[in-house]
There are 2 protein chains.
Amino acid sequence: MIESPAVPSTLEVALGDRSYPIHIGPGLLGDPQWLAPHLAGRQVMVVTNETVAPLYLEKLTQGLADDLEVRTLVLPDGEATKTLAHVERIWDALLAAGFNRRCTLIALGGGVTGDMVGFAAACYQRGVAFVQVPTTLLAQVDSSVGGKTGVNHPRGKNMIGAFWQPRAVLIDTGTLATLPPRELSAGLAEVLKYGLIRDADFLAWLEAELPALRGLDAAALTHAIERSCALKAEIVAEDETEQGVRALLNLGHTFGHAIEAHQGYGHWLHGEAVGTGMLMAAELSCRLGWLSEAEVARVRMLIEAAGLPLTAPAEMGVDDFLAIMRLDKKNLDSRLRLILLRALGDACIHDETPPQTLAALIEAFPRR
Amino acid sequence: MIESPAVPSTLEVALGDRSYPIHIGPGLLGDPQWLAPHLAGRQVMVVTNETVAPLYLEKLTQGLADDLEVRTLVLPDGEATKTLAHVERIWDALLAAGFNRRCTLIALGGGVTGDMVGFAAACYQRGVAFVQVPTTLLAQVDSSVGGKTGVNHPRGKNMIGAFWQPRAVLIDTGTLATLPPRELSAGLAEVLKYGLIRDADFLAWLEAELPALRGLDAAALTHAIERSCALKAEIVAEDETEQGVRALLNLGHTFGHAIEAHQGYGHWLHGEAVGTGMLMAAELSCRLGWLSEAEVARVRMLIEAAGLPLTAPAEMGVDDFLAIMRLDKKNLDSRLRLILLRALGDACIHDETPPQTLAALIEAFPRR
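Keep in mind the model is a prediction, meaning the values are calculated, not measured.

**Regarding the pairing of strand E2 (residues 20-25) of chain B**
Residue and element names in this part refer to chain B. Of all 6 residues that make up E2, 6 are buried, and the element is covered over most of its length. By the alternation rule, side chains of E2 split into Tyr20, Ile22 and Ile24 and Pro21, His23 and Gly25, which are all buried. Note that strand E1 (residues 9-13) and E2 share 5 bridges and pair antiparallel. When the bridges of E2 are listed, leucine 11 appears paired with isoleucine 22.

Pasting the structure below:
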């Protein structure tokens, strides 16, 4: 059972006239005061998935005022469903309902739901309002904040999408009570990421609190979510469209996307692939002389303590990794760009890794 | 044969850090100086259609520097091809070529090509650079300027899309020499529109010059394009995402979209439907007491002189119009919004037309 402080905390993502609040606390889902101020008009469509619908859809819609025109759409669940075809189902539903430019989409679910609903909102009638109501730890600390929306393409993750900011993010910490342990661990990968790239003190705190977090300790989870969202909001406000510092949020993602794409979306959870990818990035940083062996061991221990895999898929060779990594969105004019660690708590964008060093790291990395 | 002043003129669309030039003149297509400054990196994909490719594709690619990685993609032609499936073909080609975020798309063709390529650029890896090289009068005076991109949906025109500004618009007036007369007339509909909504002097000039324009007089065409682009650039700079004044550019479009959607995209040219739609808007403005019969007659004469239809499709009843018009993107919370004329050269947004007045106008409007 999760108990949290009764009063939600609120952070702001500072983006001028596109600024929005992140409300964090227990019981936000059923309470109309958090959603109502962010609806653009009377037409509201709640989009969720088959896993989340039975748990929270009724609770959310009951919190919407009677004079609204509310529709719901339930999509299948899982990373393999993050396709343009499913976004088209959202557009078809909006048009069948006769929804106009002043409608609001509400994304109720994990990162896949949020990314697809955000993209649907970005392109429906050239852009309508949407609100993120993330129900997984991963979505709460990462994907629901910052406006990255989109879908996967058979040739690469998140290749089709848009930057489109939500009107608000409502994080009901109570939803974590129903989250499967494997999903909780996947979310912790992104939490660790913030410590690794930007906040050594937070990393030390996580070292002590990971058992409490995995045990669903409410106070610990609330602090981890608040600190993660604050760090993400700070980075997004500095660099909304990833011209620079925002790329640091991709620590572990270039390796991780290769694993996800190679294994077929949905076999590895995104957070699991990012966990392994961060360890690969740490080991490469060590080979470049930036991290000590002891620091890499610390990273390995953190990833293990979060319940994440420490090995890559047995069947993935060096060329399998490199072929997919070359398509990464961060690359410019054929140079591979990686996010690496100058120190724990200090990430950098690096495009000068010698190809043989990278290949040797991938070759030597343990397989399962 | 079209001859124009040798030196291109340049207008600016003033949108802060998204500002861009519109270059207008003869022979821009084969001259590398106009394209080179607007390429984001070394990877360039030129997308065109089967009609335009044999005429201008080689000329354009010959003007690109040798050290660029240039790919071309030729799509089918026509409004019926303005679908998400064709935009997906562009994304597939970009990914197959391994193109990254610093690539540039070049749209060579009419409004359909420009709208699809712009939308593909808006959503490829969350947004890449693109340049408009419009080869029809309609695209040159309207759709290539202002960043409206997107595709049609079976339930409505331009329902899926994004605001995404090009890096530049290159209008080679020489391309009009190969434009079929029917397409020229369709383009003149949008030229007339600028006069009707915002510039009574330009309207008077058009009244005198329509025969010269239809006869491909180079000086007249260049002036019509320059004035149209200047008016559009002014409006877009005032209201990029159509929160207000930009909606005036939709004069005739609500009726016109209904005709296009009902007849099946591609049977009527967009400009033809807009021409008939502008006459319907003028007649409705007369029923509301704003225009005199004489002014409506003047509008009718202009549309006829441009070579555009004065009648709606015989099989379209009042309900056929209204059902589609109710889905128009301008509508907010179930109210029908129309662009009407307070006077010639002075348009307004109006959402208080009595339903019976609108129905009577549609009922009485001549059919073919």
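**Side note on the interface of chain B and chain A**
Interfaces are often described in size by the accessible area the parts lose on coming together. At the junction of the two partners, chain B supplies 36 residues and chain A supplies 36 residues. Both faces considered, chain B and chain A share a buried interface measuring about 3700 Å² in area, 54% of it formed by carbon and sulfur atoms. Connecting chain B to chain A are 2 salt bridges. A salt bridge links Glu242(A) to Arg101(B), with the shortest nitrogen-to-oxygen separation between them at 3.6 Å. At the boundary of chain B with chain A, the tally comes to 8 residue pairs in polar contact (both at pLDDT 80 or more). Mapped by element, the contributors of at least two residues to the side of chain B that touches chain A are helix H2 (84-96), helix H3 (111-123), strand E7 (148-153) and strand E8 (156-163) of chain B. Looking at the side of chain B that touches chain A, its residues break down into 14 nonpolar, 10 polar and 12 charged.

**Some words on the sheet that holds E2(B)**
Residue and element names in this part refer to chain B. Taken together, the 7 strands give an open sheet; going across it, the order is E1-E2-E9-E6-E5-E3-E4, and neighbouring strands pair in mixed fashion. At either margin of the open sheet sits one strand with a lone partner, and together these are E1 and strand E4 (69-75). Across the sheet, the mean angle separating the axes of adjacent strands is 15° when strand polarity is ignored. Of the strands in this sheet, strand E3 (43-49), E4 and strand E5 (104-109) touch H2, which is tilted by about 155° from E4.

**What about the sheet that holds strand E4 (residues 69-75) of chain A?**
Residue and element names in this part refer to chain A. Strand order across the open sheet formed by 7 strands is E1-E2-E9-E6-E5-E3-E4, with mixed pairing between neighbours. The open sheet has two edge strands, strand E1 (9-13) and E4, and neither has a second partner. In this sheet, neighbouring strand axes are inclined to one another by 15° on average, regardless of whether the strands run parallel or antiparallel. Note: strand E2 (residues 20-25) against strand E9 (residues 168-172), 4 bridges, orientation parallel. Counterpart to isoleucine 22 in the pairing with E9 is valine 169. Its contacts with the sheet put helix H4 (residues 111-123) on strand E3 (43-49), E4, strand E5 (104-109) and strand E6 (129-134), and the angle it makes with E5 is roughly 170°.

**Examining the pattern of salt bridges**
For the structure on display, the rule yields 36 salt bridges over all chains. In this structure, Asp142(A) engages Lys193(A) in a salt bridge whose closest nitrogen and oxygen atoms are separated by 3.8 Å. Pair noted here: Asp142(A) is in helix H5 (residues 137-143) and Lys193(A) is in helix H6 (residues 181-198), with a separation of 51 residues, a long-range link. The salt bridge involving Lys157(B) is made with Glu79(B); its shortest N-O contact spans 2.5 Å. Note that Lys157(B) is positioned in strand E8 and Glu79(B) in the loop between E4 and H2, a separation of 78 residues in sequence. One salt-bridge network, in which partners are shared between bridges, spans Glu79(A), Lys82(A), Asp115(A), Lys157(A) and Glu260(A).

**Overview of the packing of helix H5 (residues 181-198) of chain B against helix H6 (residues 200-214) of chain B**
Residues and elements named next belong to chain B. Interaxial distance between H5 and H6 falls to 7 Å at its minimum, and their mutual angle equals 165°. Taken together, the axes of H5 and H6 lie roughly antiparallel to each other. Between H5 and H6 lies a crossing of left-handed hand. Within the contact between the two elements, H5 uses Leu184, Ser185, Leu188, Val191, Leu192, Tyr194, Gly195, Leu196 and Arg198 and H6 uses Ala200, Phe202, Leu203, Leu206, Leu210, Leu213 and Arg214. Partitioning the contact of H5 with H6 into residue classes produces 12 nonpolar, 2 polar and 2 charged.

**Details of the UniProt feature "domain: 3-dehydroquinate synthase C-terminal" (unreviewed entry) in chain A**
The UniProt record annotates "domain: 3-dehydroquinate synthase C-terminal" (unreviewed entry) at residues 187-331 of chain A. Span residues 187-331 of chain A is 68% helix and 0% strand, its end C-alpha atoms 26 Å apart.

Analysis parameters
- Throughout this description, residue numbers start from 1 for each chain and increase along the sequence as written.
- Ligands are numbered from 1 and chains lettered from A, in the order in which they are written.
- Where totals are concerned, whole chains, interfaces and linings use all residues; where local detail is concerned, this predicted model gives features only for residues with pLDDT of at least 70, and gives and counts side-chain atom pairs only at 80 or more.
- Heavy atoms from the whole structure form the basis of all side-chain values; hydrogens and water molecules are not counted.
- Only protein chains enter the calculation, and the probe is 1.4 Å; a residue is then buried if its accessible area is under 20% of its type maximum, exposed if over 50%, and partly exposed in between.
- Under the scheme used here, helices are H or I runs from DSSP no shorter than 4 residues and strands are E runs no shorter than 2 residues, and both carry numbers assigned from the N terminus.
- Only when DSSP finds a minimum of two bridges between them are two strands counted as paired.
- Any pair of residues with heavy atoms lying within 4.5 Å of one another is described as a contacting pair.
- Buried area is calculated as the accessible area (1.4 Å probe) missing from two parts once they are joined, with the contributions of both summed.
- Put simply, a salt bridge is a Lys or Arg side-chain nitrogen that is within 4 Å of an Asp or Glu carboxyl oxygen.
- Whenever a nitrogen or oxygen atom comes within 3.5 Å of another N or O atom, the pair is scored as a polar contact, on the condition that within protein one atom can donate a hydrogen and the other can accept it, and that pairs from neighbouring residues in sequence are kept only if both atoms are in side chains.
- Any residue that is not Ala, Val, Leu, Ile, Met, Phe, Trp, Tyr, Cys, Pro, Asp, Glu, Lys or Arg is counted as polar, Gly included; the first ten are nonpolar and the last four charged.
- Here an angle of 0 to 180 degrees is reported between the N-to-C directions of two axes, which are lines fitted to C-alpha atoms, with helices fitted over the stretch in contact.
- For classification, angles of less than 35 degrees are called roughly parallel, those exceeding 145 degrees roughly antiparallel, those between 65 and 115 degrees roughly perpendicular, and all remaining angles oblique.
- Two helices crossing with the near one rotated counterclockwise from the far one by less than a right angle form a left-handed crossing, whereas a clockwise rotation gives a right-handed crossing.
- UniProt positions are given in the numbering used here, feature names are shortened, and annotations may be inferred rather than shown by experiment.

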